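# Tertiary structure, described
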Amino acid sequence: MSASANRADLAFYPWHVRVWEQLGASLLADRFPHALLFEGQSGTGRNAFATTLARILLCDLSEPNDAAVCASCKSCDLLTAGSNPDFLSVYPEEKGKSLGIDQIRRAIDFANKTSALGKGKVIVISPAESMTRGASNALLKCLEEPSSGTVLILVSKPGAFIPATIRSRCQRWVLPAPTHEQTAAWLRDELPELGSATLNEWMHLCPARPIDIKGLVVSDSGEHWLALHRALAAAGAQHSQDASSVANSIAMIGAKLSIDEYLDLFESRLQALIKGGALDEAGHGPGRSVGHVGHVGHVGREHESMDDWEYSRKRQAFHVLDELRALRLAHAGGSNPQADLLKFNLARQLMALGER
């Protein structure tokens, strides 16, 4: 059987099939590495890819290197039920928190045990960049002296900081994000009840993140995300003399979102600005409204070129993005910021990017 013959049954997302085909070839050739690092954007199915790969490696087939999953053997049944004794997933205990040394030590103990079902063991650590320094140092020993029959899979976002000592001991793979067309096609299949206008709005809000979009649409947070997105677009469509009042209104709309969700949304919008795209609902290009931008040529500023202003605005956007990420790291480290004040300050800073 070819490495891709059973890919429909394996449920890899269409944009990840090519990577699976290459990995499947290594598996068939009995050249599979003991440690892998998958780099992929959040919301594109990177963790699902790692888990599906674990199913393949642990599947109790008569021909272990056949690169297929029977979906009915004991190993597959137990993994589906979340109780396979040879599979361990290591995630932060709360979203946005760090992976500590105790969690990694438990993973190392797991790696050193004998396989319960006789097909080896698989450990998935995600996101790998959330490991503390102590956790990374503990994992390094496991990578330097790998346990026989254990495959370690690390998952991270592209460009995330992972110590070179760990990165160099893993086979690195880039999991591509879906194209615009792939995202739209997949969402239409998964959410047929979603209208075209709402689908386009979601794709503008979370570009190339179909898994995140689906999760938000079916969650209690989805409507709050769209409400906040629309409030920011409305603020960008008209000038307000009282930016603080508008920022307060935006923060109040975002009050129903967690800090992590709020930070995710604002980071997405800042990145869109930095890349040159507008943050308004219609997707207008540079020079149109961002925050409550739009009044090019205010009295006394006509002499300033648009290029100079755009450069200054993007530079400030990078500064806000750095501050946002520092807030995220502090929150992951256990900091408990005053949520209402944090949300107001971020809204005010985003709107200030458009003031002239």
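Since we're looking at a predicted model, the values are computed, not measured. (Residues numbered from 1 in each chain as written. Predicted model: local features only at pLDDT ≥ 70, side-chain atom pairs only at ≥ 80, totals over all residues. Heavy atoms only, no water.)

### Topic: the overall build of the chain
Helices and strands together make up the secondary structure of the chain, namely 15 helices and five strands. For the chain, buried positions account for 47% of its 356 residues. For the chain, the proportion of contacts with a sequence separation of at least 24, taken over those separated by at least 6, is 75%. Counting only carbon and sulfur atoms, one obtains 50% of the accessible surface of the chain, whose full area is about 17,200 Å². (Helix = DSSP H or I, 4+ residues; strand = E, 2+ residues; numbered from the N terminus. Buried < 20%, exposed > 50% of the residue type's maximum accessible area, 1.4 Å probe, protein only. Contact = heavy atoms within 4.5 Å. Areas by Shrake-Rupley, 256 points an atom, 1.4 Å probe, with all protein chains shown as cover.)

### Considering the confidence of the model for the chain
Chain-level pLDDT for the chain is 80 on average; 80% of the residues reach the 70-or-more range. For the stretch residues 1-9, pLDDT sits under 50, and the model shows 19 contacts to residues farther than four places along the chain or on other chains. Per-residue pLDDT stays below 50 along residues 277-304; that stretch engages in 69 contacts with residues further than four places along the chain or on separate chains. (pLDDT = per-residue confidence, 0-100.)

### Structural notes on the packing of aromatic side chains
This structure, assessed with the given rule, holds six aromatic pairs. Aromatic side chains Phe-12 and Phe-49 sit 4.9 Å apart centroid to centroid with 45° between the ring planes, which places their arrangement in the tilted category. One end of the pair, Phe-12, is in the loop between helix H1 (7-10) and helix H2 (17-28); the other, Phe-49, is in helix H3 (residues 46-58), and 37 residues separate them in sequence. With respect to burial, Phe-12 and Phe-49 carry one shared label: buried. In this structure an aromatic cluster arises from ring pairing among Phe-12, Trp-20, Phe-38 and Phe-49. (Phe/Tyr/Trp six-rings, centres within 6.5 Å; stacked < 30°, edge-to-face > 60°.)

### Here's the deal with helix H15 (residues 339-352)
With 14 residues, H15 extends 20 Å between its outermost C-alpha atoms, agreeing within 8% with the 20 Å of an ideal straight helix rising 1.5 Å per residue. Residues Leu-342, Lys-343, Leu-346, Ala-347, Gln-349, Leu-350 and Met-351 constitute the buried set of H15. (Expected span 1.5 Å × (residues − 1).)

### Re the nonpolar core
Formed by 42 residues in total, the largest nonpolar core has its most connected members in Trp-202, Ile-250 and Phe-266. Every element with two or more residues in this core is listed here: helix H8 (180-190), helix H9 (196-205), helix H10 (210-217), helix H11 (222-237), helix H12 (243-253), helix H13 (259-274), helix H14 (306-332) and H15. Aside from chain neighbours lying at most four places away, what touches Phe-266 is Leu-228, Ile-250, Leu-324, Leu-346, Ala-347 and Leu-350. (Core = buried A, V, L, I, M, F, W, Y, C linked by side-chain atoms within 4.5 Å.)

### Regarding the pattern of salt bridges
Inspection of every chain in the model, using the stated rule, returns nine salt bridges. We note a salt bridge from Arg-230 to Glu-201, for which the minimum N-O separation is 2.9 Å. Remark: Glu-201 occurs in helix H9 and Arg-230 occurs in helix H11; sequence separation between them is 29 residues. Its relative accessible area of 10% is what places Glu-201 among the buried residues. (Salt bridge = Lys/Arg side-chain N within 4 Å of Asp/Glu carboxyl O.)

### What to know about the pairing of strand S3 (residues 121-125)
Most of S3 sits inside the fold, with five of its five residues counted as buried. Taking every second residue as pointing to the same face, both faces of S3 are buried, with Lys-121, Ile-123 and Ile-125 on one and Val-122 and Val-124 on the other. Across four bridges, the pairing between strand S2 (residues 87-90) and S3 is parallel. Bridging from a neighbouring strand, Phe-87 pairs with Val-122 of S3. Each parallel crossover has a hand, and the one from S2 via helix H5 (residues 101-112) to S3 is right-handed. Taken together, the five bridges between S3 and strand S4 (residues 150-156) define a ladder with parallel strand orientation. Bridged to Val-124 within S4 is Ile-153. Read from S3 through helix H6 (residues 133-144) to S4, the crossover connection turns out right-handed. (Pairing = 2+ DSSP bridges. Right-handed = clockwise from strand over helix to strand, strands pointing away.)

### Here's the deal with empty space enclosed by the protein
For the structure on display, the rule yields one cavity of 30 Å³ or more. Taken as a whole, the largest cavity encloses approximately 60 Å³ of empty space. In this structure, the largest cavity is lined by His-34, Ala-111, Cys-142, Leu-143, Pro-146, Ser-147, Thr-150, Val-151 and Leu-152. When residues of the lining of the largest cavity are traced back to their parent elements, those giving at least two are H6 and S4. If you tally residues by element for the lining of the largest cavity, the top one is S4, at three residues. (1 Å grid on protein atoms, 1.4 Å probe; cavity = no way out; pocket = protein on both sides within 12 Å on 5 of 7 lines; lining within 4 Å. Points joined across faces, edges and corners; volume = space filled by probe spheres on them.)

### Structural notes on the environment of Leu-228
With respect to the element layout, Leu-228 can be found in helix H11. Assessed through its relative accessible area of 0%, Leu-228 is described here as buried. A C-alpha to C-alpha distance of 9.9 Å links Leu-228 and Lys-256, two positions 28 residues apart in sequence. Once residues within four sequence positions are removed from consideration, Leu-228 is found in contact with Ile-250, Ile-253, Gly-254, Leu-257, Tyr-262, Leu-265 and Phe-266.

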